[in-house]
Each structure stands twice: as C-alpha cells, then as structure tokens.
Amino acid sequence: ETGVTQSPTHLIKTRGQQVTLRCSSQSGHNTVSWYQQALGQGPQFIFQYYREEENGRGNFPPRFSGLQFPNYSSELNVNALELDDSALYLCASSPRQGSGTGELFFGEGSRLTVL
Amino acid sequence: AQTVTQSQPEMSVQEAETVTLSCTYDTSESNYYLFWYKQPPSRQMILVIRQEAYKQQNATENRFSVNFQKAAKSFSLKISDSQLGDTAMYFCAFMNRDDKIIFGKGTRLHILP
C-alpha cells in the first residue's frame with residue numbers, strides 16, 4: 001500500500017507566474033484535501049475534493065483552484081502568484097468523505113517559494 | 001466557526017521527563033474528532049493520537065495520552081518519558097464528520113539531552 005505522494009518537493013517561482021502541484025492519494029482513498037502551511041503557522045484548509053468534485057473550500061481566493069482525477073489523484077493550481085503564497089502545501093487523503101475514521105493521511109508537502 | 005487555540009508557542013523539557021501540551025477549541029457541534037499531529041523537520045504530518053468526542057475515555061497511545069474535557073472544550077496532550085525523537089512541532093486539530101481539519105498554530109517542543 002503506497003502512501004500519499006506529492007510533487008514537486010521544492011520549487012521556486014516569480015510573482016505573477018502560475019504553479020501546479022500534484023498529489024497521489026493513498027490507495028483506496030477517494031477524498032483529497034489541500035492545506036497551506038505558512039512558515040511557523042498551522043496548516044490552513046484550502047479545499048477538498050471528493051469523487052472529482054470540490055466539496056468545501058476555505059478562505060482562499062479563486063486563483064487557487066484544483067482538480068481531482070478518476071484515479072483520485074489531485075492537482076492544486078495557483079495563478080498570479082503573490083509573495084504571500086510562499087508556503088508548504090500539504091495534501092491529505094482519506095478513505096471516503098465522512099468516513100468516520102477521523103484520520104487523514106498526509107504527504108510530505110511541496111515547498112513553494114515565490115520571489 | 002470552529003477554532004483551535006494552542007497557548008504555548010514553544011516548550012523545552014529534559015529527556016525522560018513528562019510534558020503536557022495545552023489545547024482549547026470552540027465548536028457548537030456535539031460529534032467531532034480531536035487530534036494531535038506531530039510535524040518533525042522532515043515536514044510530514046504524523047498522527048500522534050485521536051479522540052472521538054462521544055467517547056468519554058481518554059485516548060492513550062504508548063507514551064502519549066490525552067486529557068479530554070468536553071464541557072471545558074479542552075484537549076491536552078501528555079508525553080511521558082520524553083525522548084529526543086519527540087522533538088517536533090505539535091499541532092492540535094479539530095475535525096467534524098466532513099473530514100476538514102482545523103489546526104491550531106502549533107507548539108514547538110524541544111527535548112533536551
């Protein structure tokens with residue numbers, strides 16, 4: 001059973017550019033959530049995907065968007081990058097929405113630096 | 001809106017000692033989950049312990065235990081016989097049944113040799 005994998009692990013972009021981050025969920029998991037963790041802070045919920053549809057969104061602007069594919073892998077896209085978008089982006093998967101297990105499985109994150 | 005508050009930004013204890021990390025939360029829901037996650041320098045969030053709100057018994061995982069006070073909305077983590085490998089950021093977190101987690105700002109724990 002493979003865990004949650006994210007790519008790339010590190011990347012550097014300049015202000016105004018666009019970025020795509022990728023996440024492969026753990027085998028058998030159909031729900032993927034994305035979190036933004038600024039330096040020294042706790043992770044903030046961006047959005048969640050369940051069976052290829054967005055299922056809840058945190059307080060993030062529309063330039064943060066996502067996709068979930070039929071194999072339940074997911075992408076996070078950020079347009080018009082700003083300096084404050086510099087953060088660790090974490091992906092987490094769970095077996096199904098409202099599974100009742102109460103546990104998310106996290107990847108190691110993608111560290112984005114915006115210059 | 002649910003909130004999670006960790007009032008201790010940083011703590012240090014000697015190896016083998018016991019340490020307690022504090023957490024309070026606010027919610028109007030009656031059924032939810034509470035967690036403590038550990039994030040070492042490797043960055044990956046690791047689940048330390050989980051508590052279901054409807055269970056009155058405090059969860060325990062080896063050296064880790066919680067003191068869950070539902071009426072007070074308090075959820076502290078006790079680490080017994082602390083080890084150097086326990087050095088990490090610890091996040092208290094809340095989740096309702098839709099799998100969306102709200103994290104506190106974290107407590108940086110240093111275990112000193």
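I will try to describe carefully the structure that is included in this document. Sequence order as written defines residue numbering, which begins from 1 separately in each chain. All chains are assigned letters beginning with A, and all ligands numbers beginning with 1, in the order in which they are written. Note on the predicted model: pLDDT of at least 70 is required for a residue's local features to be given, and 80 or more for side-chain atom pairs to be given and counted; whole-chain, interface and lining totals, by contrast, use all residues. The side-chain values count all of the structure's non-hydrogen atoms but skip hydrogen atoms and water molecules.

1. So, the overall build of chain A
Quick reminder of the rule: Secondary structure elements are taken from DSSP: a helix is a run of H or I of four residues or more, a strand is a run of E of two residues or more, and numbering for both begins at the N terminus. Based on C-alpha atoms, the radius of gyration is set beside the globule rule, defined as 2.2 Å times the residue count to the power 0.38. Residue exposure (1.4 Å probe, protein chains only): buried if accessible area is under 20% of the type maximum, exposed if over 50%, otherwise partly exposed. Between two residues, a contact is recorded if the distance between any of their heavy atoms is within 4.5 Å. Method for areas: the Shrake-Rupley scheme with a 1.4 Å probe, in which residue coverage is limited to the protein chains shown. Working convention for charge: Lys and Arg count positive, Asp and Glu count negative, and His plus the chain ends are omitted. Working definition for charges: the position is that of NZ of Lys, CZ of Arg, CG of Asp or CD of Glu.
Assigned secondary structure in chain A consists of 0 helices and 11 strands. Going from N to C terminus, chain A has its helices and strands arranged as β-β-β-β-β-β-β-β-β-β-β. Rg of the C-alpha trace for chain A: 13 Å, near the compact-globule value of 13 Å for 115 residues, within the 12% margin. Taken along its principal axes, the extent of the C-alpha atoms in chain A is 40 × 25 × 25 Å. Going through the 115 residues of chain A one by one, you find that 49% of them count as buried. Partitioning the contacts of chain A with sequence separation of at least 6, the portion at a separation of at least 24 is 53%. If you sum the accessible surface of chain A, you get close to 5300 Å²; carbon and sulfur atoms cover 47% of it. Within chain A, the 10 negative side-chain charges are centred at a point lying 4 Å from the centre of the 8 positive side-chain charges.

2. What to know about the environment of A:Gly3
All names here are of chain A. Tracing the backbone shows Gly3 in the segment before strand S1 (5-7). In the structure, Gly3 is positioned 90 residues away from Ser93 in sequence and 9.2 Å away in space, judged by C-alpha atoms. Beyond its immediate chain neighbours, meaning those up to four positions away, Gly3 contacts Ser24, Ser25 and Gln26.

3. Observations regarding the side chain of A:Asn30
Residues and elements named next belong to chain A. The criterion, for reference: Any pair of nitrogen or oxygen atoms within 3.5 Å is treated as a polar contact; in protein, a donor-acceptor pairing is required on top of that, and neighbouring residues in sequence qualify only through side-chain atoms on both sides.
Mapped onto the fold, Asn30 is located in the loop between strand S3 (19-24) and strand S4 (31-37). Taking relative accessible area as the criterion, Asn30 reaches 8% and is therefore assigned buried. Within the structure, the side chain of Asn30 is placed 3.1 Å from the side chain of Thr31, a separation counted as a polar contact.

4. Considerations on the state of the cysteines
Let me state the cut-off plainly: Disulfide assignment relies on a single distance test, namely cysteine sulfur atoms paired within 2.5 Å.
Taken as a whole, this structure holds 2 disulfides over all chains when the rule is applied. A sulfur-sulfur separation of 1.8 Å characterises the disulfide bridge that pairs A:Cys23 with A:Cys91. Taking the torsion about the S-S bond as the criterion, the A:Cys23 to A:Cys91 disulfide, at about -65 degrees, is left-handed. With A:Cys23 in strand S3 and A:Cys91 in strand S9 (residues 87-94), the pair connects residues that are 68 residues apart, well separated along the chain. Exposure class is identical for A:Cys23 and A:Cys91. Each is buried. A sulfur-sulfur distance of 2.0 Å marks the disulfide that ties B:Cys23 to B:Cys92.

5. Side note on the nonpolar core
The nonpolar side chains of soluble globular proteins are, as a tendency, buried together. All names here are of chain B. The condition that has to hold: Residues belong to a common nonpolar core when they are buried Ala, Val, Leu, Ile, Met, Phe, Trp, Tyr or Cys residues joined through side-chain atoms within 4.5 Å.
Ranked by internal contacts, the top residues of the largest apolar core, which has 26 residues, are Tyr25, Trp36, Phe75, Leu77, Tyr90 and Leu109. Looking at which element gives the most residues to this core, the answer is strand S10 (residues 88-95), with 4 residues. Those residues in contact with Tyr25 that sit more than four places away from it in its chain are Thr3, Val4, Tyr32, Leu34, Phe68, Gln69, Lys70, Lys73, Ser74, Phe75 and Phe94.

6. A short note on the sheet that holds S3(A)
All names here are of chain A. Under the convention used in this document: Here, strands pair whenever DSSP counts at least two bridges between them. Here, axes are lines fitted to C-alpha atoms. For helices the fit covers the stretch in contact, and angles between N-to-C directions go from 0 to 180 degrees.
Strand order in the open sheet made by the 4 strands is S1-S3-S8-S7, with antiparallel pairing throughout. Each edge of the sheet is formed by a strand with only one pairing partner; in this case those strands are S1 and strand S7 (64-68). For this sheet, the mean angle separating the axes of adjacent strands, direction not counted, is 15 degrees. Inspection of the sheet shows S1 paired to S3 by 3 bridges, in the antiparallel sense. Among the inter-strand pairings, Gln6 is bridged to a residue of S3, identified as Cys23.

7. A short note on the interface of chain A and chain B
How we decide: Just so you know the grouping, Ala, Val, Leu, Ile, Met, Phe, Trp, Tyr, Cys and Pro go in nonpolar, Asp, Glu, Lys and Arg go in charged, and all remaining residues, Gly too, go in polar.
Every contact between the two is made by 31 residues of chain A and, on the other side, 20 residues of chain B. Counting every contact that joins chain A to chain B gives 5 residue pairs in polar contact (both at pLDDT 80 or more). Elements represented by at least two residues in the side of chain A that touches chain B include exactly S4, strand S5 (44-50), strand S6 (53-57), S9 and strand S11 (110-114) of chain A. Here the residues of the side of chain A that touches chain B are counted per class, giving 7 nonpolar, 20 polar and 4 charged.

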